[in-house]
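Take a look at the letters that make up each chain.
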Amino acid sequence: MPDLSSILEIASATHPGMVRGHNEDSIAADAEVGLAVLADGMGGYNAGEVASGIAVALISSEIRKMLANHDAAPFTASEIERIIAEHAGKANAAIYHAAQGNPQYSGMGTTLVMACWHDNQVAVGHIGDSRLYRLRGGTFEQVTRDHSVLQEQIDSGMITREQARHAQHKNLVTRAVGIDPQVETEVRTYPVQADDIYLLCSDGLPDMVADEDIQLTLATLKANLPLAAEQLVQQANDNGGRDNVSVILVRVLKAFPARAGVLQKLKSWLK
Amino acid sequence: MAKLIMSLDGSIIREIPLDKERVTIGRKPTNDVQIENLAVSGEHARVVTILNDSFLEDLGSTNGTLVNGAPVKKHILQSNDLIEIGKYKLKFIAEGPAPQAAAPAAEDMEKTMVLRPGASMARPAIPPAAPAAPAAQPAAAAAQTVAAIQVISGPGAGKELEITKNLTTLGKPGVQVAVITKRPQGYFIAHVEGAKFPIVNGATLEAQARQLNDHDVIEIAGVKMEFFYKTR
């Protein structure tokens, strides 16, 4: 696989927030293989951390290994999508079995959002209400659609987006990793443009910081991604910080077609 | 201001500001907080607030009042204490941001569920946006005084810029840029890009953000400017 570390700039931050005693979010990102994974755990005592930790560790290490050791023709978009779904499924099984075997972990689970950049595209997989946003030019968009009761109510027209901001049951997710023996991962592929900024975050960010403020922060501080990540977490905390908050920011510095990688390899081989 | 957040079966019902010395709780309509439930006595309990301290008193109720699972007659409330009256739970939130370690028992009311039969999981979650979030108060106070920047050197000398957004950048993109962030506790300056860091009152800024005080002099990309508070 081509090395994307000169293509993708990545920064991240995670914080327990101002109210919670511990952080149940887990994050991992790797610019070289172009992979970012974020999970927001749930479950009593420390089980939430265990669930999100299993998901992130398993997915990031296994996909990294798979991509780094892949020397044949680049994976196609549908192959990458399959890899994402497969590994989310593996994480689901691992968490489910850990919960079955340990009474103190009973009922633990996690939301998940992950993205894999390849060949001028990004494949995005998610389960639950952890999100991926994209800032492209002046447009800031939520790319993933939550698997939550609230989102279903919005979709069916029962409530408006504005009402949703003040709704109860904000945290009722309809899908999570590790709750059932099987889980369905929603995976989609989107074209990528140079200068896109991607934001993966746990619900602690959008619940505390308005989209406009997130957009302003990304647009203003994109030249200093670590500061932008820190600033987002700080805004969530300044607004009350009622939940754990985690962000991964990925900025695409230039285009990265997979074919160029093959061509370059061919050129260097011919030399 | 301290407050109580009332919930039943995990859903939040209302928020009760402790804005007077005595707030009474009971089944009779004469109470400040009326709970129409037979398990609740006519005059069940009261919360007495004096300055920054709140005290809970059970008024000889039939079924008692619990705090963090233990029955109490009189109790000095601590932030995140969970009061139980009948099936109702009242979480006490002291003034200002809650301390880091929330009492584990207090998380009960904020637990969320995965909507799936058979599995109920505790998930720390966010109670619905309260009209008076603690953080909103300092922000409102800060809104009365507006901060501004006035250029004091270079061709733009005399120019004034009010800082109204949460983030305001200063400098030249690609050369040197700094950002001023508006936070509940005041205004902070941080370095964004460029080889040179901003200078505040003659001292070069470290990687950390620094809080700005009235009449601080900032130097960015060779331009000096003064930070000051305007009173409206």
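Residues numbered from 1 in each chain as written. Chains lettered and ligands numbered in written order. Predicted model: local features only at pLDDT ≥ 70, side-chain atom pairs only at ≥ 80, totals over all residues.

## A short note on the overall build of chain A
Moving on, step 1. Along chain A, the regular secondary structure elements total seven helices and ten strands.
Moving on, step 2. Along the first, second and third principal axes, the C-alpha atoms of chain A reach 65 × 45 × 35 Å.
Moving on, step 3. Relative to its full complement of 271 residues, chain A shows a buried share of 54%.
Moving on, step 4. Considering only contacts in chain A between residues 6 or more positions apart, those separated by 24 or more positions represent 72%. (Helix = DSSP H or I, 4+ residues; strand = E, 2+ residues; numbered from the N terminus. Buried ≥ 20, exposed ≤ 12 C-beta atoms within 10 Å, placed from the backbone. Contact = placed C-beta atoms within 7 Å.)

## Focus: the sheet that holds strand β10 (residues 245-252) of chain A
Sheet strands pair by backbone hydrogen bonding; their relative direction is either parallel or antiparallel.
All names here are of chain A.
Moving on, step 1. Spatially, β1-β10-β9-β6-β7 is the arrangement adopted by the five strands of the open sheet, whose pairing is antiparallel. Looking at the sheet topology across the chains shown, the edges are occupied by β1 (8-15) and β7 (139-142). The mean inter-strand angle of the sheet, taken between neighbouring strand axes irrespective of direction, is 15 degrees.
Moving on, step 2. Relative to β10, β1 runs antiparallel, the two being bridged by eight bridges. Within the sheet, the bridge partner assigned to Ala13 lies in β10 and is Val247.
Moving on, step 3. Together, β1 and β10 form the strand contacts of helix α6 (residues 225-238), whose direction differs from that of β1 by roughly 25 degrees. (Pairing = 2+ DSSP bridges. Axes fitted to C-alpha atoms, helices over the stretch in contact; angles between N-to-C directions.)

## Focus: the confidence of the model for chain B
All names here are of chain B.
Moving on, step 1. Looking at chain B, pLDDT values average 80 and 78% of them are 70 or higher.
Moving on, step 2. Overall, residues 117-122 carries pLDDT values under 50, and its contacts beyond four positions in sequence, including any with other chains, amount to 17 contacts.
Moving on, step 3. Between residues 124-143, whose pLDDT stays under 50, and residues either more than four places distant or in other chains, the model counts 39 contacts. (pLDDT = per-residue confidence, 0-100.)

## Section: the nonpolar core
Moving on, step 1. In terms of nonpolar packing, the biggest core is built from 100 residues, with Ala36(A), Val37(A), Ala55(A), Ala115(A), Leu199(A), Leu200(A) and Ile248(A) touching the most fellow members.
Moving on, step 2. For this core, the element with the highest residue contribution is helix α1 (residues 47-68) of chain A, accounting for nine residues.
Moving on, step 3. Here Ala55(A) is in contact with Ser26(A), Ala39(A), Ala91(A), Ile95(A), Thr110(A), Leu112(A) and Val177(A), once residues within four sequence places are set aside.
Moving on, step 4. Residues Val40(B), Ala45(B), Leu82(B) and Ile83(B) belong to the second largest nonpolar core, which totals 22 residues. (Core = buried A, V, L, I, M, F, W, Y, C linked by C-beta atoms within 7 Å.)

## Thoughts on the sheet that holds strand β9 (residues 74-76) of chain B
All names here are of chain B.
Moving on, step 1. The mixed open sheet is built from five strands, whose spatial order is β4-β3-β5-β6-β9. Looking at which strands have only one partner, the edges of the open sheet turn out to be β4 (33-34) and β9.
Moving on, step 2. Alignment of strand β3 (residues 22-26) against strand β5 (residues 45-50), held across four bridges, turns out to be antiparallel. The residue of β5 that forms the bridge with Thr24 is Arg46.

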